[in-house]
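# Observations on chain architecture
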Amino acid sequence: MKENLPDQDGFFGEYGGKFVPETLMFALDELEQTYKTLKDNNDFNAEFHRDLAEFVGRPSPLYFAKRLTEHYSTASIWLKREDLNHTGAHKINNTVGQILLAKYMGKKRIIAETGAGQHGVATATVAARLGLDCHIYMGSEDVRRQSLNVYRMKLLGAKVHEVNSGSATLKDALNEALRDWVTNIEDTYYIIGSVTGPHPYPMIVRDFNAVVGYELIEQSQESFGRMPDSIIACVGGGSNAMGIFYPFIKMNDVELIGVEAAGKGIETGEHAAPLNDGTPGVLHGAKSYLMQDENGQVKGTASISAGLDYPGVGPEHSWLKDIKRAKYVAVSDDEVMKAFHMVNRMEGILPALETAHAFAYLDELMPQMSKEQHIVINVSGRGDKDLNSVVEIEGIKL
Amino acid sequence: MKRIESRLKELSKVNQKAFVGYIVAGDPDLETSLDLMHLSVESGIDILEIGVPFTDPIAEGPTIQQAHDRSLENDTNLQKIVDLVGRFREKDSDTPIILMGYINNFLMYKDLINSSDELGVDGVLVVDIPGELSLKDYGIDNKDLDIISLVSPTTSKERIQRIAKNSSGFIYYVTLRGVTGSSNLDGNEIEQNIQYIKSISTTPVMAGFGIKTKDDAKLLSSFSDGIVIGSSIVELIHKNSENKDFHEVSDYISTMKDAIR
Ligand SMILES: Cc1ncc(COP(=O)(O)O)c(C=O)c1O
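Cut-offs and rules
- As a convention, each chain's residues are numbered from 1 in the sequence order in which they are written.
- Naming scheme: in the order in which they are written, chains are lettered from A and ligands are numbered from 1.
- The model is predicted, so local features are restricted to residues of pLDDT at least 70 and side-chain atom pairs to those at 80 or more, both for listing and for counting; the totals for chains, interfaces and linings are taken over all residues.
- Excluded from the side-chain calculation are hydrogens and water; included are all heavy atoms of the structure.
- Where helices and strands are cited, they refer to DSSP runs of H or I of at least four residues and of E of at least two residues respectively, numbered from the N terminus.
- Each residue is assigned to one of three classes by its accessible area relative to the maximum for its type, calculated with a 1.4 Å probe on protein chains only: buried under 20%, partly exposed between the two thresholds, exposed over 50%.
- Asp and Glu are treated as the negative residues and Lys and Arg as the positive ones, with His and the ends of the chain left uncounted.
- Taken as the charge centre is NZ of Lys, CZ of Arg, CG of Asp or CD of Glu, depending on the residue.
- Put simply, a salt bridge is a Lys or Arg side-chain nitrogen that is within 4 Å of an Asp or Glu carboxyl oxygen.
- In short, DSSP must find at least two bridges between two strands for them to pair.
- Orientation is described by lines fitted to C-alpha atoms, with helices fitted over the stretch in contact, and by angles between N-to-C directions that extend from 0 to 180 degrees.
- Should any heavy atoms of two residues lie within 4.5 Å, those residues are counted as being in contact.
- Two aromatic rings from Phe, Tyr or Trp, using only the six-membered ring of Trp, form a pair when their centres are within 6.5 Å; if the ring planes differ by under 30 degrees the pair is stacked, by over 60 it is edge-to-face, and anything between is tilted.
- When the NZ atom of lysine or the CZ atom of arginine is within 6 Å of a ring's centre and also within 35 degrees of its normal, the charge is said to sit over that ring.
- Values of pLDDT, which run from 0 to 100, indicate the predictor's confidence residue by residue.
- A cutoff of 4 Å decides nearness: a residue is near a molecule or strand if any of its heavy atoms lies inside that distance of it.
- What qualifies as a polar contact is a pair of N or O atoms within 3.5 Å, subject to a donor-acceptor requirement within protein and to the restriction that residues adjacent in sequence count only when both atoms come from side chains.
- Note on areas: these come from Shrake-Rupley sampling with a 1.4 Å probe, and a residue is covered only by the protein chains present in the view.
- Charged residues are taken to be Asp, Glu, Lys and Arg, nonpolar residues to be Ala, Val, Leu, Ile, Met, Phe, Trp, Tyr, Cys and Pro, and polar residues to be all remaining types, Gly included.
- Domain extents, as shown, originate in an automatic or database domain assignment.

What follows covers the overall build of chain B. A count of helices and strands for chain B gives 11 helices and nine strands. Seen through its C-alpha atoms, chain B measures out along the principal axes to roughly 45 × 40 × 35 Å. A buried classification covers 62% of the 261 residues belonging to chain B. Taken together, the 27 basic and 41 acidic charged side chains of chain B have centroids lying 6 Å from each other.

Listed below in structure tokens is the structure:
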């Protein structure tokens, strides 16, 4: 297997690259150069890891899910608790790292897109900490579904820009963030929220989230004396999955499973599962699997979870799929709701709806496993933000 | 000689600057686009830039985004746009036509774009592919087509050299940091950058993005080989789409053409 991807042009095999308007090329080159110098800089790394420990609360625990394990009574189920991070999701690992890049580059203005609002909150949080001007783009549909997070961003001093164009969800928020960046290119740092976008973002976001996978290597050794048999993570843009997969890519015995949103069912076309039902195309600066029609127009998506409601996916996942190093499956909204309740009742954990996708795959996976095996689920975030949605979906009056 | 080159040579022989005008194919509908193409040429446009609508046009401001959305409501696609150009060519075999759009739509129609001499199209401008890369590497390869590349205020000198080597027809200088339809032109910077491009390349340079008024047009044409106007035309088309009386479009184009004479 080829090592050290992406290559110097930002490709993972045929995926990735920098498909952006000319004005952005300068900023991407500047970012790439900065990252290249800082990546192995001791001061930079010391600061990053200190922030992860003292501000985020890392390492996150690896927790044995006793009742879930008994329920399925095959392999042991372990949970990597990213939901316990400050601000409630893995997203903070990336923003803590990228805000340091912004600081070293002397940028005074921060922009980001957000779907579920977790990345927006994580960005507003680190911007507040450094006293930087922060602007968050969010589709109006998501502003409605995730109103608690919108308020939280405002508390943190960020300005939330509602995006009404297109489908008014995550992809349109990304379009708007890119347009802002083109306009304010010199003083603005764009903190992208997943392993998507043009090179060098997929690499940078992966590297900052890879702390999750590296911790898991040590914790697996301590907890059960070897590496896990399978690692499961939900995939929207793919940052929590890439972060936990990355350090294991070369360990071929560790099965890597990404779970996409099948929405109302893959066969209905109303889903958000480009790796299961998409074709290679270019969106938001990178070539990757994409939900698109025969004219190359990007299709609408459907998912119960705002954070997975995206027609594209990070390019490294497309590459892992093609070389068959990772397996990508999809679960429907109904299966997700069932898993959401199961995890609450059996483990006392309120998972984000995104995260519940990973749990929803257990019904299919566990019967194929055996008692002596160990699987790990990346609990990418907690579900407080989703309570309004869940109440609405289930028609409950509070 | 290729149409773009010969049109630009004719103009420069009589000391005139080129007027490149942008409309979105299929806004308000393809029939009307055909009429608007002829009307634009009659009113003073020298080169037609036909926008290929995309669901996610990240380089466009709201005016052109909305035109893309309207066009997509009519199921416009590249095949229908090439057919439109074919029909335009029945009456006009001289005016150069450039297709401007996003890589993902062109990738889906590689075979069509590569196919023929009868395409009727003279150049392509792909907004979201860096100018030093070759469209050939992505399977788009038709020697009859000029490949128009963008240079922006943030492009380094070293990259300008690579981009200039890769471009034919003309180089499109993006006059501002921003999306189409913005308004923050900086005359001095534009002049210096265009002078630099012209010092290293003989390819003509057009200035575009954010040109709205006669004064903008006059100023920018004074140090370029011509100007590109998009959002203002697209807005006037939309404003009059209901009754399809486009004399405001035609008046605007004539006024701008006069301004750069
Ligand atoms: C808790 C949680 N998990 C997962 C995701 C999906 O993003 P990614 O696939 O980049 O991890 C999100 C995005 O908002 C999220 O909030």
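Text resumes after the structure shown.
As a further point, take the pattern of salt bridges. All names here are of chain B. In this structure the tally under the stated criterion is 48 salt bridges over all chains. A salt bridge links glutamate 5 to lysine 9, with the nearest nitrogen and oxygen atoms 3.0 Å apart. Of this pair, glutamate 5 and lysine 9 both sit in helix α1 (residues 3–13), four residues apart, roughly one helical turn. The exposure class of glutamate 5 is partly exposed, given its relative accessible area of 36%.

The next thing to look at is the sheet that holds strand β7 (residues 159–163) of chain A. Residue and element names in this part refer to chain A. The strand order β7-β6-β5-β8 describes an open sheet built from four strands, whose pairing is parallel. Since the sheet does not close on itself, it has two edges, and those belong to β7 and β8 (188–190), each with one partner. Direction aside, the axes of adjacent strands within the sheet are offset by 25° on average. Here three bridges tie strand β5 (residues 109–114) to β8, and the two strands are oriented parallel to one another. Opposite arginine 109, over in β8, you have threonine 188 as the bridge partner. Along the sheet, helix α5 (residues 118–130) contacts β5 and β6 (133–139); its crossing angle with β5, the most-contacted strand, is approximately 165°.

Glancing now at the packing of aromatic side chains. All chains considered together, the criterion is met by 14 aromatic pairs over all chains. Geometrically, the ring pair formed by B:Tyr172 and B:Phe209 is edge-to-face, given 6.0 Å between the ring centres and 90° between the ring planes. Remark: B:Phe209 occurs in the loop between β8 (205–208) and α9 (214–222) and B:Tyr172 occurs in strand β7 (residues 171–174); sequence separation between them is 37 residues. We classify B:Phe209 as buried; its relative accessible area is 8%. Grouping aromatic residues by their ring pairs yields a cluster made of A:Tyr35, A:Phe44, A:Phe48, A:Tyr104 and A:Phe208. One Lys or Arg, A:Lys321, reaches over the ring of A:Tyr289 and ends 5.3 Å from the middle of that ring. The ring of B:Tyr196 carries B:Lys157 above its face, with NZ or CZ at 4.8 Å from the centroid.

Before going further, it helps to spend a moment on the confidence of the model for chain B. For chain B, mean pLDDT is 95; residues scoring 70 or higher make up 100% of the total. Note on the complex model: pTM 0.97, ipTM 0.95.

Moving on: the site of the ligand. Residue and element names in this part refer to chain A. Surrounding the ligand, one finds 19 residues, the nearest of these being Ser194, Gly236, Gly238, Ser239 and Ser380. Within the side chain of asparagine 240, an N or O atom sits 2.8 Å from an oxygen atom of the ligand. Starting from 390 Å² of accessible surface for the ligand in isolation, the protein chains cover 97%. Those elements giving two or more residues to the shell around the ligand turn out to be α11 (239–245) and α15 (353–360). Partitioned by chemical class, the residues of the shell around the ligand number five nonpolar, 12 polar and two charged. For the shell around the ligand, the domains that each give at least three residues are domain 1 (11–51 + 91–205) and domain 2 (57–88 + 210–393).

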